[in-house]
Amino acid sequence: MSEKLTLPIRPRRNRKSPAVRGLVRETTLRPEDLIYPLFLHDEEQNDAIESMPGLYRWSLAGLVEEVGRAREVGVRAVVLFPKIEEELKSSHGEECYNADGLVPRAIRAIKKQYPDVAVITDVALDPYNSDGHDGIVVEDDAGELKILNDETVEILCRQALCHADAGADVVSPSDMMDGRIGAIRAALDAVGHEEVSLLSYTAKYASAYYGPFRGALDSAPKAGDKNTYQMDPANRREALREAELDVAEGADMLMVKPAGPYLDIVRDLADSFAIPIAAYQVSGEYLMIKSAAADGWIDEEKVSMESLLGIKRAGADMILTYFAKDIAARL
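All values reported here derive from a predicted model rather than from experimental measurement. (Residues numbered from 1 in each chain as written. Predicted model: local features only at pLDDT ≥ 70, side-chain atom pairs only at ≥ 80, totals over all residues. Heavy atoms only, no water.)

**Q** I'd like a description of the overall build of the protein chain, backed by residues and values.
**A** Looking only at helices and strands, the protein chain has 11 helices and 12 strands in total. What you see for the protein chain is a C-alpha radius of gyration of 21 Å, in line with the 20 Å of a compact globule of 331 residues. Overall, the protein chain is about 80 × 45 × 40 Å in size when its C-alpha atoms are taken along their principal axes. For the protein chain, buried positions account for 50% of its 331 residues. Long-range contacts, defined here as pairs at least 24 residues apart, represent 73% of the contacts in the protein chain between residues at least 6 apart. With an accessible surface of roughly 15800 Å², the protein chain has 49% of that area assigned to carbon and sulfur atoms. Between the centroid of the 38 positive side chains of the protein chain and the centroid of its 57 negative side chains there is a distance of 12 Å. (Helix = DSSP H or I, 4+ residues; strand = E, 2+ residues; numbered from the N terminus. Rg over C-alpha atoms; globule rule 2.2 N^0.38 Å. Buried < 20%, exposed > 50% of the residue type's maximum accessible area, 1.4 Å probe, protein only. Contact = heavy atoms within 4.5 Å. Areas by Shrake-Rupley, 256 points an atom, 1.4 Å probe, with all protein chains shown as cover. Lys, Arg positive; Asp, Glu negative; His and termini not counted. Charge placed at Lys NZ, Arg CZ, Asp CG, Glu CD.)

**Q** Report on helix α4 (residues 149–166), specifying residues and quantitative values.
**A** With 18 residues, α4 extends 26 Å between its outermost C-alpha atoms, agreeing within 8% with the 26 Å of an ideal straight helix rising 1.5 Å per residue. The complete set of buried residues in α4 reads Thr152, Val153, Ile155, Leu156, Cys157, Gln159, Ala160, Cys162, His163, Ala164 and Ala166. Packed against the buried residues of α4 are α3 (102–113), β5 (118–123), β6 (136–139), β7 (145–148), β8 (170–173) and α5 (180–190). Phi turns positive one or two residues past the end of α4, at Gly167, with a value near 115°. (Expected span 1.5 Å × (residues − 1).)

**Q** Got a sec to walk through unusual backbone geometry? Specific residues and values, please.
**A** The peptide bond linking Lys257 to Pro258 adopts the cis configuration, its omega dihedral lying at -5°. The topology assignment puts Pro258 in the loop between β10 (253–257) and α8 (263–272). Despite not being glycine, Met176 shows a phi value in the positive range, around 70°. If you trace the backbone, Met176 turns up in the loop between β8 and α5. Classification of Met176 as buried rests on a relative accessible area of 5%.

**Q** An account of the pairing of β6 is requested, with residue identities and associated values reported.
**A** Pairing of β6 with β7 involves four bridges; the strand directions are antiparallel. Bridge pairing in β7 links Val137 to Ile147. Hairpin connection from β6 to β7: five residues lie between these consecutive antiparallel strands, with Gly143 at a positive phi of about 80°. (Pairing = 2+ DSSP bridges.)

**Q** Help me get a handle on the pattern of salt bridges, residues and values and all.
**A** Throughout the structure, instances matching the rule amount to 20 salt bridges. The closest approach of N and O atoms between Lys89 and Glu86, which form a salt bridge, is 3.5 Å. Asp175 is the partner of Arg180 in a salt bridge, and the nearest nitrogen-oxygen pair spans 3.2 Å. On the basis of relative accessibility, which here comes to 2%, the residue Arg180 falls in the buried class. Look at Asp175 and you get buried, because its relative accessible area is 0%. (Salt bridge = Lys/Arg side-chain N within 4 Å of Asp/Glu carboxyl O.)

**Q** Quick one: what's the story with the side chain of Ser200, residue by residue and with numbers?
**A** By the element assignment, Ser200 lies in strand β9 (residues 197–204). Beyond its immediate chain neighbours, meaning those up to four positions away, Ser200 contacts Pro173, Arg180, Ile181, Asp246, Ala251, Met253, Leu254 and Met255.

**Q** Run through the side chain of Asp246, naming residues and quoting values.
**A** By secondary structure assignment, the location of Asp246 is in helix α7 (residues 237–249). Those residues within four positions of Asp246 in sequence are excluded, and the remaining contacts are Arg180, Ile181, Ser200, Thr202, Ala251 and Leu254.

**Q** Explain the packing of aromatic side chains to me, using residue names and the numbers behind them.
**A** Within this structure, the stated rule accounts for 10 aromatic pairs. Relative to Phe81, the ring of Phe39 has its centre 6.2 Å away and its plane inclined at 40°; by these criteria the two rings are tilted. Residue Phe39 is located in strand β1 (residues 34–41), and its partner Phe81 is located in strand β4 (residues 77–83); the two are separated by 42 residues in the primary sequence. Of the two residues, Phe39 and Phe81, neither departs from the other in class, the shared state being buried. An aromatic cluster is built from Phe39, Phe81, Phe213, Tyr280, Tyr286, Tyr322 and Phe323, whose rings are joined through pairwise contacts. Taking NZ or CZ as reference, Arg158 lies 3.9 Å from the ring centre of Tyr97, over its face. When the ring centre of Tyr210 is taken as reference, the NZ or CZ atom of Lys204 above it lies at 6.0 Å. (Phe/Tyr/Trp six-rings, centres within 6.5 Å; stacked < 30°, edge-to-face > 60°. Lys NZ or Arg CZ within 6 Å of the ring centre and 35° of its normal.)

Take a look at the structure:
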């Protein structure tokens with residue numbers, strides 16, 4: 001029989017019981033850390049989303065009810081994504097700043113019923129654009145598609161003002177146009193919306209993980225791709241440059257999207273900037289967990305919780321996740 005080891009340092013002592021593990025736990029997840037993305041449409045019924053099992057496109061009444069259910073388990077922030085009727089779409093997306101449009105009505109309905117819930121809105125043209133892009137599309141002399149930056153920013157300012165007027169707490173530009181944070185901040189402040197926060201999609205990558213989301217909103221590009229404005233998945237330092245610009249222009253919070261494949265970017269931003277960092281666990285990440293769990297290969301509850309802990313551990317202060325309501329209920 002071998003002699004007993006003499007080990008003055010035994011890390012396992014800190015893992016010996018649930019109580020001790022709780023004392024030394026470095027990362028904790030709370031319902032208050034979660035933002036619940038919600039899809040809505042201008043219909044009377046709630047429609048199940050085929051590409052995202054367990055999720056719905058909510059009617060306005062159904063949306064308010066779902067916000068209430070999330071609130072009951074501690075989720076106090078939601079972000080809204082509309083499916084816009086095809087006949088309301090146009091090349092310049094004018095419907096995005098219609099004061100009586102779907103999103104402004106949804107904001108007012110939520111804030112009337114649950115004024116303590118933070119309502120975040122997506123600021124981008126793709127749900128409203130007949131071309132399916134986040135900006136105005138033209139053809140250049142060579143017949144190639146070009147997304148106009150400055151002209152798009154003007155429309156985004158009008159969209160952000162429309163949402164702020166309706167009562168949004170936070171507007172969240174996801175378009176990745178240059179200069180839009182400064183322009184939106186100036187537009188909001190000019191009319192007395194100094195208290196409306198800006199959550200910038202600072203590092204939004206041209207990712208293949210967005211597929212199920214685009215199916216939920218029918219917002220995929222009709223032609224071309226988004227590589228000229230969303231970030232190259234191969235780039236890391238570029239995210240720091242984008243973040244520096246957004247902070248200088250007045251962003252209150254920075255976002256990384258997607259979350260799971262880009263945890264190095266989450267950590268870089270958390271280490272480099274003193275403002276809160278958000279990370280978006282996108283539809284592809286959600287669907288992979290749901291699909292593997294449905295086939296019995298993984299435990300959905302454990303894996304979804306572990307995935308969010310990993311995002312939080314990487315440095316995210318808040319996480320946008322479709323698991324928000326379920327995770328909060330377990331917490």
